[in-house]
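# Per-entry structural report
The primary structure of each chain is shown beneath.
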Amino acid sequence: MSNLNLEDVNKSLKNSTPEQIIEWALSISKTPVVTTNFRPYEVAILHACTKVDENLKIIWCDTGYNTPNTYHHAFELIQKLNLNIQLYVPKQTVAYRDVKMGIPEVDTENHKIFTEQVKLEPFRRAMNEHQPDVWFTNLRKGQTSFRNSIDIVSRSKDGILKVSPFYYWTDEELDAYLRTYSLPNEFKYFDPTKVLENRECGLHS
């Protein structure tokens, strides 16, 4: 897999459907995973991937700061799609952190510590335990400047093959996909590490 020419791969997959992209990735993978935080439109990647392989491991790194709406949405999808959830949470409780630092302002030293605790450490722990060779994500072009620089298939900083089947899809196209399969969406999502929607949180960049 390390000898894949990503430029050629992306050219060949440019006009493929998400299902075809997922099938291609699974055909060369031994330990694939999907990561999710149940944010808006995450249901699309969860549905598309489990439609191809219902036993795919779904890694959910729960920061502990999700809205009640997001938790209800997550539990609904776990049941509706019969998701093989692998749950990872921070080593510190929200109550402990609220007393110690709360949610720090962006660009402060405490915010770096906060992000490490609630997102980066649980994510590294999950990846170390599962050792994936393919990582399905719902990254899309137009979300951030970094995401504009990748493609359907890219490599993480750790060398894992990242596959984003809906990379070129617009919100309108995803809305149509959700309507076709009668899938719920979630818009009351809160990421305490990002604050701004177009800010990367460190998992992908």
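In the block above lies the structure referred to throughout.
The text that follows walks through the structure, step by step, so that each part is easy to find. On a predicted model such as this, the values are computed, not experimentally measured, just so you know.

Val34, Leu46 and Phe136 are the most contacted members of the largest nonpolar core, which has 37 residues in total. Counting only elements with at least two residues in this core, the list comes to α1 (6-13), α2 (18-27), α3 (42-52), β2 (57-61), α4 (68-80), β4 (134-136), β6 (161-163) and α8 (171-180). Of the residues forming this core, the biggest block, six residues, is contributed by α3. Setting aside residues up to four positions removed in sequence, Phe136 forms contacts with Ile22, Ala25, Leu26, Pro32, Val33, Val34, Thr35, Cys49, Leu56, Val163 and Pro165. Counting nine residues, the second-largest nonpolar core is a separate cluster that includes Val33, Ile59, Tyr88 and Trp135.

Applying the stated criterion across every chain, the model contains eleven aromatic pairs. A centroid spacing of 6.3 Å and a plane angle of 25° characterise the contact between Tyr71 and Phe75, whose relative ring orientation is stacked. One end of the pair is Tyr71 and the other is Phe75, both in helix α4 and four residues apart, which spans about a single turn. Tyr71 gets classed as buried once you look at its relative accessible area, which sits at 19%. Under the relative-accessibility criterion, Phe75 is labelled partly exposed at 45%. These aromatic residues form a ring-pair network of at least three members: Phe38, Trp60, Tyr71 and Phe75. The ring of Tyr168 carries the charged tip of Lys14 above its face, separated from the ring centre by 4.9 Å. Its guanidinium or amino end placed over the ring of Tyr41, Arg140 lies 5.4 Å from that ring's centre, counting from NZ or CZ.

Here β2 pairs with strand β3 (residues 84-88) via five bridges, running parallel. Bridge pairing in β3 places Ile58 opposite Ile85. Read as a crossover between parallel neighbours, the route from β2 over α4 to β3 is right-handed.

Next up on the list: the environment of Tyr167. Relative to the assigned elements, Tyr167 resides in the loop between β6 and α8. For the pair Tyr167 and Leu139, spaced 28 residues apart in sequence, the C-alpha separation works out to 6.0 Å. A polar contact is formed between the side chain of Tyr167 and the backbone oxygen of Ile150, at a distance of 3.0 Å.

The phi torsion at Phe38 lies on the positive side, around 60°, for a residue other than glycine. You can see Phe38 is positioned in the loop between β1 (32-36) and α3. One non-glycine residue, Tyr41, adopts positive backbone phi at about 70°. Assignment of secondary structure puts Tyr41 in the loop between β1 and α3.

Thresholds applied
- Residues numbered from 1 in each chain as written.
- Predicted model: local features only at pLDDT ≥ 70, side-chain atom pairs only at ≥ 80, totals over all residues.
- Heavy atoms only, no water.
- Core = buried A, V, L, I, M, F, W, Y, C linked by side-chain atoms within 4.5 Å.
- Buried < 20%, exposed > 50% of the residue type's maximum accessible area, 1.4 Å probe, protein only.
- Helix = DSSP H or I, 4+ residues; strand = E, 2+ residues; numbered from the N terminus.
- Contact = heavy atoms within 4.5 Å.
- Phe/Tyr/Trp six-rings, centres within 6.5 Å; stacked < 30°, edge-to-face > 60°.
- Lys NZ or Arg CZ within 6 Å of the ring centre and 35° of its normal.
- Pairing = 2+ DSSP bridges.
- Right-handed = clockwise from strand over helix to strand, strands pointing away.
- Polar contact = N/O pair within 3.5 Å; in protein donor to acceptor, adjacent residues only side chain to side chain.

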